Amino acid sequence: MSPFHFEILLFVVSIFAGVLGSLVGIGGGAVIVPLLTLVFHVDIRLAIGASIVSVIATSSGAAVAYVREKMTNIRVGMFLEIATTVGAVSGAIITSYVPDRLLFILFGLILAYSGFSMYKKHKEPEPLKTSTDKLANRLRLDGEYIDKSTGETVTYAVSGTKMGLFLMYIAGLVSALLGIGSGALKVPAMDLAMKIPLKASSATSNFMIGVTAAASAGVYFSRGDINPLMTGPVAIGILIGAVAGSRMLSKLNSRYLRIIFVVVISIIALEMLQRGFS
Amino acid sequence: MKSEKDVSLEEQIRRAETIISMVLLIGVLVSSFLIVMGFIVTLSHDHILLKGSYKTIIDKKYQFPHSVSSVIKGIGQFNGISITLLGLLCLILTPIFRVGASLITFLMSKDINFIFITAFVLFVLLISFFIV
């Protein structure tokens, strides 16, 4: 295969990865890294470099819609970015010392966890009315949004800021190590640890993903792990796919799609784990 | 209870947010344009994409610019790969720009805590380019 044909193939495959990623809310990177490493035998660090840039493309491309929805809690997002960016920079630094096989194992585990958390039923608790968390009150992190299904305004208080910061540090670290958005870690950090309603947690997580990815992309770039001939087609392909995927979302029955995708993700996770252990 | 002043300030911030998200979109479009442009220039000026196997360009030994100064130098020579890299750099800078713009909205509302928080995040993002 000539480099030119490879570029075209990479572009087309990335469109599919972007569609799939956005349909199930896992991000294109989770699909593209296994593809590049398992099928094309690309070095895992170059695959991660290409993926991290595509994470930025997707999140920036989608940001317009999220801000319009007014569900994003920008104060919470900015507060937690203290932890995600520091986590991402430390992850990008330690990745040089992490053996490749450990990256494959970690990728497999995170993917399996993402698939599992996507599948399991989520019971939403009542929003917190008042908080005893001093930091949350001092920074006025409480928020509100309009629930589209009921038309009611939901107001909520925020707690567990310390635990939230810790979990976000881990999310930033994982994002930088694996080149993924790690929304599967960010949402529970807000939703379970900080008691933020799920819808506001998801919107705020999407808002944060691009900034987290940018913090490690800078390090990957200066280290020479952003190969332009791979990253270019992947970033554009995933961007187009993600936009198309988000338009398709309302028309598809997402329940069956999720089941299919959980199966696909489990297979990819096993492949990655096998590569790590072999 | 929110005073009228607070409401108008909130309105101002919302408006700033809308402008910022439009700028984000423009950032994505400009970088996509540069990435595609770079690809076309590479295809027409360079033989790297037409000769040999794809394994050359995915190899770890394949060399390309990886500092801002070498990218700019390459653009002076109308090098396609450098144009693509400039597009990728624009893409990486887009969220950083977004944090910078948030800092301005917090400065507008004189929110001391968040001025510090946002400035710290911006600082971490900017130093990331100098860590190898």
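Draft legend 1. Quick look at the overall build of chain B. Along chain B, the regular secondary structure elements total 5 helices and 0 strands. Moving toward the C terminus, one meets the helices and strands of chain B in the order α-α-α-α-α. The C-alpha atoms of chain B give 20 Å as radius of gyration, which overshoots the globular expectation for 132 residues (14 Å, by more than 25%). The 132 residues of chain B split such that 43% are buried. The long-range fraction of contacts in chain B, counting pairs at least 24 apart against all pairs at least 6 apart in sequence, stands at 55%. Carbon and sulfur atoms provide 71% of the accessible area of chain B, an area that totals close to 7,600 Å². When the 11 basic and 8 acidic side-chain charges of chain B are each reduced to a single mean position, those positions are 13 Å apart.

Draft legend 2. Up close: unusual backbone geometry. All names here are of chain A. Phi at Ser182 takes a positive value of approximately 55 degrees, unusual for a residue other than glycine. Its place among the elements puts Ser182 in the loop between α7 (161-178) and α8 (183-193). With a phi close to 60 degrees, Lys195 is a non-glycine residue in the positive phi region. Along the chain, the position of Lys195 falls in the loop between α8 and α9 (198-223).

Draft legend 3. Layout of the packing of helix α4 (residues 74-94) of chain A against helix α4 (residues 80-108) of chain B. Relative orientation of the contacting elements α4 of chain A and α4 of chain B amounts to 120 degrees, with a least axis distance of 12 Å. Classified by the angle between their axes, α4 of chain A and α4 of chain B sit oblique to one another. α4 of chain B is crossed by α4 of chain A, and the crossing has left-handed handedness. Within the contact between the two elements, α4 of chain A uses Arg75, Met78 and Glu81 of chain A and α4 of chain B uses Val99, Ser102 and Phe106 of chain B.

Draft legend 4. Structural detail: the interface of chain B and chain A. Each partner contributes residues to the interface: chain B has 55 residues there, and chain A has 56 residues. With both sides pooled, the region where chain B packs onto chain A buries about 5,000 Å², and carbon together with sulfur makes up 77% of that total. Here Asp43 of chain A ties to Lys60 of chain B by a salt bridge, and the two come within 3.6 Å at their closest N and O atoms. At the boundary of chain B with chain A, the tally comes to 8 residue pairs in polar contact (both at pLDDT 80 or more). Broken down by secondary-structure element, the contributors of at least two residues to the side of chain B that touches chain A are α1 (4-45), α2 (55-58), α3 (68-76), α4 and α5 (112-127) of chain B. Per-element accounting of the side of chain B that touches chain A gives the leading share, 14 residues, to α4 of chain B. Within the side of chain B that touches chain A, the residues separate by chemical class into 36 nonpolar, 12 polar and 7 charged.

Draft legend 5. Just the environment of Ile268 of chain A, in detail. For Ile268 of chain A, the position within the fold is in helix α11 (residues 254-277). For the pair formed by Ile268 of chain A and Ala30 of chain A, sequence separation is 238 residues and the distance between their alpha carbons is 9.3 Å.

Draft legend 6. Structural view of the pattern of salt bridges. In this structure the tally under the stated criterion is 4 salt bridges over all chains. One salt bridge connects Arg140 of chain A with Asp111 of chain B, and the closest N-O pair in it is separated by 3.5 Å. Residue Arg140 of chain A is found in the loop between α6 (134-138) and β1 (143-146), and its partner Asp111 of chain B is found in the loop between α4 and α5; the two belong to separate chains. One network of salt bridges, with partners in common, ties together Arg75 and Arg140 of chain A together with Asp111 of chain B.

Draft legend 7. Local environment of α7 of chain A. All names here are of chain A. In a regular helix each residue adds 1.5 Å, so 18 residues correspond to 26 Å; α7 covers 25 Å between its end C-alpha atoms and thus fits that length. Taken together, the buried positions of α7 are Thr161, Gly164, Met168, Ala171, Gly172, Leu173, Val174, Ser175, Ala176, Leu177 and Leu178. Gly179, located one to two residues past α7, shows a positive phi value of around 70 degrees.

Draft legend 8. Geometry of helix α2 (residues 29-39) of chain A. Residues and elements named next belong to chain A. Of all 11 residues in α2, 8 are buried, a share of seventy percent or more. For α2, every residue scored as buried is listed here: Gly29, Ala30, Val31, Ile32, Val33, Pro34, Leu36 and Thr37. Trailing α2 by a residue or two, His41 shows a phi angle of about 55 degrees, which is positive.

Draft legend 9. Highlighting the pairing of strand β2 (residues 153-156) of chain A. All names here are of chain A. Alternating positions in β2 separate cleanly, Val154 and Tyr156 being buried on one face and Thr153 and Thr155 remaining unburied on the opposite face. Of the strand pairs in this sheet, β1 and β2 are connected by 4 bridges, and their pairing is antiparallel. Counterpart to Glu144 in the pairing with β2 is Thr155. Linking β1 back to β2 in an antiparallel pair, the connection comprises 6 residues, with Gly151 at a positive phi of about 80 degrees.

Draft legend 10. Structural detail: empty space enclosed by the protein. Scanning the entire structure with this criterion turns up 2 cavities of 30 Å³ or more. By volume, the second largest cavity amounts to about 30 Å³. Every residue along the wall of the second largest cavity is listed here: Ala57, Ala235, Ile236 and Leu239 of chain A together with Val28, Ser32, Ile35 and Leu91 of chain B. Secondary-structure elements contributing two or more residues to the lining of the second largest cavity are α10 (228-248) of chain A together with α1 of chain B. Class assignment of the residues belonging to the lining of the second largest cavity gives a composition of 7 nonpolar, 1 polar and no charged.

Rules of the game
The numbering scheme is per chain: residues are counted from 1 as the chain's sequence reads. Whichever chain is written first becomes A and whichever ligand is written first becomes 1, with later ones labelled in order. Reporting in this predicted model follows two pLDDT cut-offs: at least 70 for local features of residues, and 80 or more for side-chain atom pairs to be given and counted; totals over whole chains, interfaces and linings ignore these cut-offs and use all residues. Computation of side-chain values: all heavy atoms of the structure, hydrogens and water removed. Here a helix means four or more residues in a row that DSSP labels H or I, a strand means two or more in a row labelled E, and each is numbered from the N terminus. We take the radius of gyration over the C-alpha atoms and set the globule estimate at 2.2 Å times the residue count to the 0.38 power. The rule is simple: take the accessible area with a 1.4 Å probe, protein chains only, and divide by the maximum for that residue type; under 20% is buried, over 50% is exposed, in between is partly exposed. Working rule for contacts: check all heavy atoms of both residues, and any pair within 4.5 Å makes them a contact. All accessibility values rest on the Shrake-Rupley procedure with a 1.4 Å probe; residue burial counts only the protein chains present in the view. We count Lys and Arg on the positive side and Asp and Glu on the negative side, and we leave His and both chain ends out. Here the site of a charge means atom NZ of a Lys, CZ of an Arg, CG of an Asp or CD of a Glu. Every axis corresponds to a line fitted to the C-alpha atoms, with the helix fit spanning only the stretch in contact, and the corresponding angles, defined between N-to-C directions, vary from 0 to 180 degrees. Here the word oblique covers every angle except those under 35 degrees (roughly parallel), over 145 (roughly antiparallel) and from 65 to 115 (roughly perpendicular). In this scheme the crossing of two helices becomes right-handed for a clockwise turn of the near helix relative to the far one and left-handed for an anticlockwise turn of less than a right angle. The buried area of a pairing is the accessible area, by a 1.4 Å probe, that goes missing from both parts when the two are put together, added over both. A pair is scored as a salt bridge if a Lys or Arg side-chain nitrogen falls within 4 Å of a carboxyl oxygen belonging to Asp or Glu. Polar contacts here mean pairs of N or O atoms no more than 3.5 Å apart (in protein, one a potential hydrogen donor and the other a potential acceptor; neighbouring residues in sequence count only if both atoms are side-chain atoms). Any residue that is not Ala, Val, Leu, Ile, Met, Phe, Trp, Tyr, Cys, Pro, Asp, Glu, Lys or Arg is counted as polar, Gly included; the first ten are nonpolar and the last four charged. Expected span of a helix, by definition, is 1.5 Å for each gap between consecutive residues, and there is one gap fewer than residues. Strand pairing requires that DSSP identify at least two bridges connecting the strands. Of the grid points, spaced at 1 Å and generated over the protein atoms alone, those admitting a 1.4 Å probe that cannot get out make up cavities, while open sets with protein on both sides within 12 Å along at least five of seven lines make up pockets; any residue with an atom within 4 Å of a point is treated as lining. Grid points are joined across faces, edges and corners, and a volume is the space filled by probe spheres set on the points.

These results come straight from atomic positions and should not be treated as a statement about function.
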